Amino acid sequence: MNLSSTIKSIQDIMRKDDGVDGDAQRLGQLTWMLFLKVFDQREEEWEDDNENYQSPLPKEFRWRNWAAYVPGVDGKKAPQKAASDIIGFVNNQLFPALKELEIPAKNKDKDNEKFIALCKVIRSVFEDANNYMKSGTQFLAVIEKLEEAINFHDFKTRANIGDVYEQLLNDLRGAGNAGEFYTPRAITAFMADRVNPRLDKRETVMDPACGTGGFLTAAIDHLRNQLTTKSSAEDKRAIEDLIRGIEKKQLPHLLCTTNMLLHGIDVPSQIEHKNTLGIGWNEWNANQKVDCIITNPPFGGYEDDGVGGDYPTNLQTRETADMFMALIIKKLLKENGRAAVVLPDGFLFGDGIKGTLKKLLLQECNLHTIIRLPKGVFAPYTTIKTNLLFFTKGPRVDDGSEHFHTDTIWFYEHTYPKGYKSYSKTKPIRIEEFDPIKEWWGDEADGFAKREQYDADPDNQDKKAWKVDFKSKREQAEAAAKPHWSKADQLNNEASVLDNRVRDLRDSIKGIKDKTQRQSVEDEVEGLKAEIDVLKLKARDAQTAGDRLYWPIFNLDLKNPYAPEEESHDPDELLIKYKKLLGEIEETENQLKSELTAALSHHFSGEEV
């Protein structure tokens, strides 16, 4: 029986238990049990390496001493606790002890530091965990399945742990956790490979929405592949300190912590259980910035009221992916730091806050590559089309000008392999499919000089790569918009002069009781106010006219110019097109109203306007 089937059979056992209600509780139950079993098996390895190893768990609460099946008098493996006793033990002894595990004081002993860190990890894992099962018989049946089928000393089992997570995440989706889904290993490995965190430079890697740790394990593998026979023990140990993750929800955090243990991270204390977006904007400091960010932030979800309320006014939003992008650009990435982020098409063509974020991205970073993925990469979790954005944080520029670090944006359209019409669970995207992109990639140090605007395979006539001269587009748009913006500034300045005149006039009649004298001034004020309203209206229209010429350059939803136009009947794509069309219609209506108002305003008195 493979791991995925084992997990399914365990969940079937839990369905017979009256205390477990729904997928979310089944997953919660399974994940903390899985953690304790994996932790116990890692402790066996640590004991082999260090005869003085001390477990942070009291003896009676280690998996081997209460849960593991052991040979009886007849030689057959049997449970250590009776079905009638085990639920009481778990509820009244195990959980209270782990939730309140004592954290000892620090000393100069390195073993003491590891002991303290492990105590903190265990407390963090169990702070929101619960035992839902009521049947001791069913509880023992789950333990028996875990004992029989899951042995993490077996490296094949460790390598296939992704199957377990895929099964669990499929159920997480069913449990109503919107925005969370399994990122295929081909994607995580490719993104880690292209960002290329360097072990020799001790480059830190962060996933601020790490889920179950898929990107972090890919980064760990990438760093370990840089080890050689000449690497020191310090090189091997350093990897643990270079990995950082934050996860908001308890179940994915528990799974990520377990995943780190399986991937040789002895003390996964750097996997924090908190809401990245709930951290105050000014609470982030320079010491928390990292060299590399690889992430697939949840999109389509919204944060609670109050979260992000202290973000800069122009970046305030409740949409999760937008908030993560603001943090990555402004707070998380070091100067010259590199990032790879999965984002939906909606971010590329969106305006409003998304337009502001894209402008910020292109100003402060070099957005050098966008890989456009086909539909189905994340099936069955979502059918939304997604993109991989690769960018590098530029040096700070304080000359007062609007400086852009992005001049050229390269696009690459990743298409289905020959014979595929879509991806599925049985036919997922494969890492080999990214080989042509790796061949085409080149080096950012020389401005990707080797890149060409077609597929690297000369036998493949499908042209998949193209570039956009963003600098030229921006300069042309700015030149076209500038006269309108200048006109808007001029009109606003004229309105400000009249505003000052109004204030002076009102000051001039303070304390004057003569009605005739006051009325004369008030009539003049009313006339000026009418002029001010007209000037401001014309200024707004001029600003809008300039904006219409400028802001479309931040639409990054650019199609392959070499590909034939395809008519899609996909409901999701049609809905997106429909929403875009509605937006364009509304914009045209507003433009028409503004222009008509401006054109006719001089025919009416100030009061009528």
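Residues numbered from 1 in each chain as written. Predicted model: local features only at pLDDT ≥ 70, side-chain atom pairs only at ≥ 80, totals over all residues. Heavy atoms only, no water.

Enquirer: Please provide a residue-by-residue account of the overall build of the protein chain, values included.
Expert: What the protein chain contains, in helices and strands, is 19 helices and eleven strands. A separation threshold of at least 6 residues defines the contact pool for the protein chain, and within that pool the share at least 24 residues apart is 76%. If you sum the accessible surface of the protein chain, you get close to 30500 Å²; carbon and sulfur atoms cover 48% of it. (Helix = DSSP H or I, 4+ residues; strand = E, 2+ residues; numbered from the N terminus. Contact = heavy atoms within 4.5 Å. Areas by Shrake-Rupley, 256 points an atom, 1.4 Å probe, with all protein chains shown as cover.)

Enquirer: Report on helix H12 (residues 250-262), specifying residues and quantitative values.
Expert: Across its 13 residues, H12 extends 18 Å between first and last C-alpha, which sits within 8% of the 18 Å expected from 1.5 Å per residue. Here H12 lies mainly inside the structure; 13 of its 13 residues are buried. Count one or two residues on from H12 and you reach Gly264, which has phi positive near 80°. (Expected span 1.5 Å × (residues − 1). Buried < 20%, exposed > 50% of the residue type's maximum accessible area, 1.4 Å probe, protein only.)

Enquirer: Could you give an account of the pattern of salt bridges, naming the residues involved and the relevant values?
Expert: Counting across every chain of the model gives 34 salt bridges. One salt bridge connects Glu303 with Lys248, and the closest N-O pair in it is separated by 3.4 Å. One end of the pair, Glu303, is in the loop between strand E6 (290-295) and helix H13 (320-332); the other, Lys248, is in the loop between strand E4 (243-247) and H12, and 55 residues separate them in sequence. With relative accessibility at 5%, the residue Glu303 sits in the buried group. The exposure class assigned to Lys248 is partly exposed, which follows from its relative accessible area of 40%. Between Lys510 and Asp507 there is a salt bridge, with the nearest N and O atoms lying 3.2 Å from each other. Judged by relative accessible area, Asp507 falls into the partly exposed class, the value being 45%. Salt bridges here are not isolated pairs; linked through shared partners, they connect Asp40, Glu43, Glu47, Arg62 and Arg64. (Salt bridge = Lys/Arg side-chain N within 4 Å of Asp/Glu carboxyl O.)

Enquirer: Please set out the nonpolar core residue by residue, giving values where relevant.
Expert: Within the largest apolar cluster, 51 residues are counted, with the highest numbers of intra-cluster contacts made by Trp32, Trp66, Leu94, Phe126, Phe139 and Ile143. Elements with a contribution of two residues or more to this core: helix H1 (3-15), helix H2 (23-49), helix H3 (63-66), helix H4 (83-99), helix H5 (110-126), helix H6 (136-149) and H12. Aside from chain neighbours lying at most four places away, what touches Trp66 is Trp32, Leu36, Glu60, Phe61, Gln80, Lys81, Ile86, Phe89, Val90, Leu94, Phe139 and Ile143. Formed by 48 residues, the second largest nonpolar core is a distinct cluster that contains Val290, Val468, Tyr550 and Leu556. (Core = buried A, V, L, I, M, F, W, Y, C linked by side-chain atoms within 4.5 Å.)

Enquirer: Tell me what's going on with the confidence of the model for the protein chain, and back it up with residues and numbers.
Expert: Averaged over the protein chain, the pLDDT score is 86; the fraction of residues at 70 or greater is 88%. Contacts of residues 173-179 to residues separated by more than four positions or lying in other chains number nine contacts, the stretch itself having pLDDT below 50. Of the regions scoring below 50 in pLDDT, residues 605-609 engages in three contacts with residues more than four places distant in sequence or in other chains. (pLDDT = per-residue confidence, 0-100.)

Enquirer: Could you give me a rundown of a negative patch on the surface, with the residues and numbers involved?
Expert: Taken together, the side chains of Asp351, Glu584, Glu586, Glu587 and Glu589 define an acidic patch exposed on the protein surface. Considering the arrangement of structural elements, one finds Glu587 in helix H19 (residues 571-600). (Patch = residues over 30% accessible without salt bridge, like charges linked within 9 Å, V, L, I, M, F, W, Y side chains within 5 Å. Lys, Arg positive; Asp, Glu negative; His and termini not counted. Charge placed at Lys NZ, Arg CZ, Asp CG, Glu CD.)

Enquirer: Summarise the packing of H4 against H6; cite the residues concerned and give the values.
Expert: H6 packs onto H4 with a crossing angle of 85° between their chain directions and a minimal axis gap of 7 Å. The angle between H4 and H6 places the two elements in the roughly perpendicular class. Touching Ala83, Ile86, Ile87 and Val90 of H4 are Gly136, Thr137, Phe139, Leu140 and Ile143, all from H6. (Axes fitted to C-alpha atoms, helices over the stretch in contact; angles between N-to-C directions. Parallel < 35°, antiparallel > 145°, perpendicular 65-115°, else oblique.)

Enquirer: Which residues make up the packing of aromatic side chains, and what values go with them?
Expert: Counting across every chain of the model gives 31 aromatic pairs. In this structure an aromatic cluster arises from ring pairing among Trp32, Phe35, Phe39, Trp46, Tyr53, Phe61, Trp63, Trp66, Phe89, Phe95, Phe126 and Phe139. The ring of Trp46 carries the charged tip of Lys114 above its face, separated from the ring centre by 4.3 Å. The aromatic ring of Tyr420 is capped on one face by Lys427, whose charged end is 4.6 Å from the ring centroid. (Phe/Tyr/Trp six-rings, centres within 6.5 Å; stacked < 30°, edge-to-face > 60°. Lys NZ or Arg CZ within 6 Å of the ring centre and 35° of its normal.)

Enquirer: Could you give me a rundown of the pairing of strand E8 (residues 365-372), with the residues and numbers involved?
Expert: Counting buried residues along E8, eight of its eight residues qualify, which places the element largely inside the surrounding structure. Pairing analysis gives four bridges linking E8 to strand E10 (residues 408-413), with the strands arranged parallel. Bridge pairing in E10 places Thr369 opposite Trp410. (Pairing = 2+ DSSP bridges.)

Enquirer: Account for the side chain of Thr217, naming residues and giving values.
Expert: With respect to the helices, strands and loops of the structure, Thr217 is situated in helix H10 (residues 214-224). Apart from residues no more than four positions distant in its own chain, Thr217 is found in contact with Asn259, Met260 and His263.

Enquirer: Lay out the sheet that holds strand E3 (residues 205-207) with the relevant residues and their values.
Expert: Overall, mixed pairing links the nine strands, which are arranged E5-E4-E3-E6-E7-E9-E8-E10-E11 in an open sheet. Of all the strands in the sheet, just strand E5 (271-273) and strand E11 (465-469) have a single pairing partner and so form its edges. Strand-to-strand twist of the sheet, defined as the mean angle between neighbouring strand axes without regard to direction, takes the value 15°. Pairing of E8 with strand E9 (residues 386-393) involves seven bridges; the strand directions are antiparallel. What sits directly across from Arg372, in E9, is Asn387. Those strands touched by helix H11 (residues 233-242) are E3 and E4, and its axis lies near 25° from that of E4.

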